[in-house]
Amino acid sequence: MFWLLIVFAYLFGSVSFAILLSQHYGGFDPRLKGSGNPGATNVFRVSGKRIAILTLLGDISKGLLPVFLAYLSGYSTQAQAWVGLAAVVGHLYPIFFNFRGGKGISTGAGMLLGLYPPAALIAILAWILTFHLTRTSSLASMSTLPLSLPFLAWRQPEALVPVTLLSLLIVWRHRQNLKDLLHGAERRF
């Protein structure tokens, strides 16, 4: 059953709400506009608030639902974290969209919400504070998980390895943003 949950999580994570909603409501692929990223921030830029909020909720559900199903199936916190990581990998590298996915922040937040809601709250507050201070979504996104990791390690240490891998994947997916930040070329709101 565990491996079925892993496969389900990856496949569910591979569903791109950004692409599906943008195509349904606007008739275009968000990977071809704005930053080219199929995530809520780019959808907000190119499609507006309503579709961005729906994308955000869909992406959060991709991390939350598989973790919740693993919890209901009686799996340990560590197993739940691996299932959540599979969903995030699906979001990052979706089989249904030529492995061109988003950057994993919203799906990772859903995973954290399922694993340990206070850690998700810290991540969300870190995002809001960093975004408010910098007006830079990518910097806010990269600050979320590293700031919540110590708290998660303290309260849910068995989830530390999968969540640390999640953090590394998110930084990897933001590598161009890091370069742009260093060169003063990163987009701001």
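Residues numbered from 1 in each chain as written. Predicted model: local features only at pLDDT ≥ 70, side-chain atom pairs only at ≥ 80, totals over all residues. Heavy atoms only, no water.

## Notes on the overall build of the protein chain
Thought 1: A tally of helices and strands in the protein chain yields 10 helices and 0 strands.
Thought 2: Ordered by position from the N terminus, the helices and strands of the protein chain form the series α-α-α-α-α-α-α-α-α-α.
Thought 3: Taking 16 Å as the expected radius of gyration for a compact globule of 189 residues, we find that the protein chain reaches 16 Å, a close match to that expectation.
Thought 4: Counting only C-alpha atoms, the protein chain reaches 45 × 35 × 25 Å along its principal axes.
Thought 5: Across the 189 residues of the protein chain, 47% fall into the buried class. (Helix = DSSP H or I, 4+ residues; strand = E, 2+ residues; numbered from the N terminus. Rg over C-alpha atoms; globule rule 2.2 N^0.38 Å. Buried < 20%, exposed > 50% of the residue type's maximum accessible area, 1.4 Å probe, protein only.)

## As for helix H7 (residues 117–134)
Thought 1: The end-to-end C-alpha separation of H7 is 25 Å, in line with the 26 Å expected for 18 residues at 1.5 Å each.
Thought 2: Those residues of H7 lying buried are Ala119, Ala120, Ala123, Ala126, Thr130 and Phe131. Angular distribution of buried residues about the axis of H7 spans 120°; they occupy a single face of the element. Residues of H7 that are exposed and angled more than 90 degrees away from the buried face: His132 and Leu133.
Thought 3: A positive phi of about 55° marks Arg135, the residue just after H7. (Expected span 1.5 Å × (residues − 1). Arc of directions from axis to C-beta.)

## What about helix H2 (residues 17–26)?
Thought 1: Buried within H2 are the following residues: Ala18, Ile19, Leu21 and Ser22.
Thought 2: In this fold, the buried residues of H2 make contact with helix H3 (40–47) and helix H4 (49–72).
Thought 3: Taken from the residues just after H2, Gly27 is the one with a positive phi, measuring 75°. (Contact = heavy atoms within 4.5 Å.)

## With respect to the side chain of Asn42
Thought 1: Mapped onto the elements of the fold, Asn42 is located in helix H3.
Thought 2: With relative accessibility at 1%, the residue Asn42 sits in the buried group.
Thought 3: From its side chain, Asn42 meets the backbone nitrogen of Ser35 in a polar contact 2.9 Å long.
Thought 4: Not counting residues up to four positions away in its chain, the partners in contact with Asn42 are Pro30, Lys33, Gly34, Ser35, Gly36 and Asn37. (Polar contact = N/O pair within 3.5 Å; in protein donor to acceptor, adjacent residues only side chain to side chain.)

## Considering the UniProt feature "transmembrane region" (unreviewed entry) in the protein chain
Thought 1: Following the UniProt record, one finds the feature "transmembrane region" (unreviewed entry) at residues 79–99, 111–133 and 153–172.
Thought 2: Between the C-alpha atoms that bound residues 79–99 there is a distance of 25 Å. The span itself is 67% helix and 0% strand.
Thought 3: What you have in residues 111–133 is 96% helix and 0% strand, and the ends, taken at the C-alpha atoms, are 26 Å apart. (UniProt positions renumbered as here; feature names shortened; annotations may be inferred.)

## Comments concerning the packing of aromatic side chains
Thought 1: Inspection of the entire model under this criterion finds 5 aromatic pairs.
Thought 2: The interplanar angle of 10° and the centroid separation of 5.6 Å between the aromatic rings of Phe8 and Phe12 together place this pair among those described as stacked. On the criterion of helical spacing, the pair formed by Phe8 and Phe12 is a turn pair, its members being 4 residues apart in helix H1 (residues 2–13).
Thought 3: Between Phe68 and Tyr71 the ring centres are 6.4 Å apart and the planes differ by 25°, which places this aromatic pair in the stacked class. Taken together, the residues span about one helical turn, with Phe68 and Tyr71 both in helix H4 at a distance of 3 residues. (Phe/Tyr/Trp six-rings, centres within 6.5 Å; stacked < 30°, edge-to-face > 60°.)

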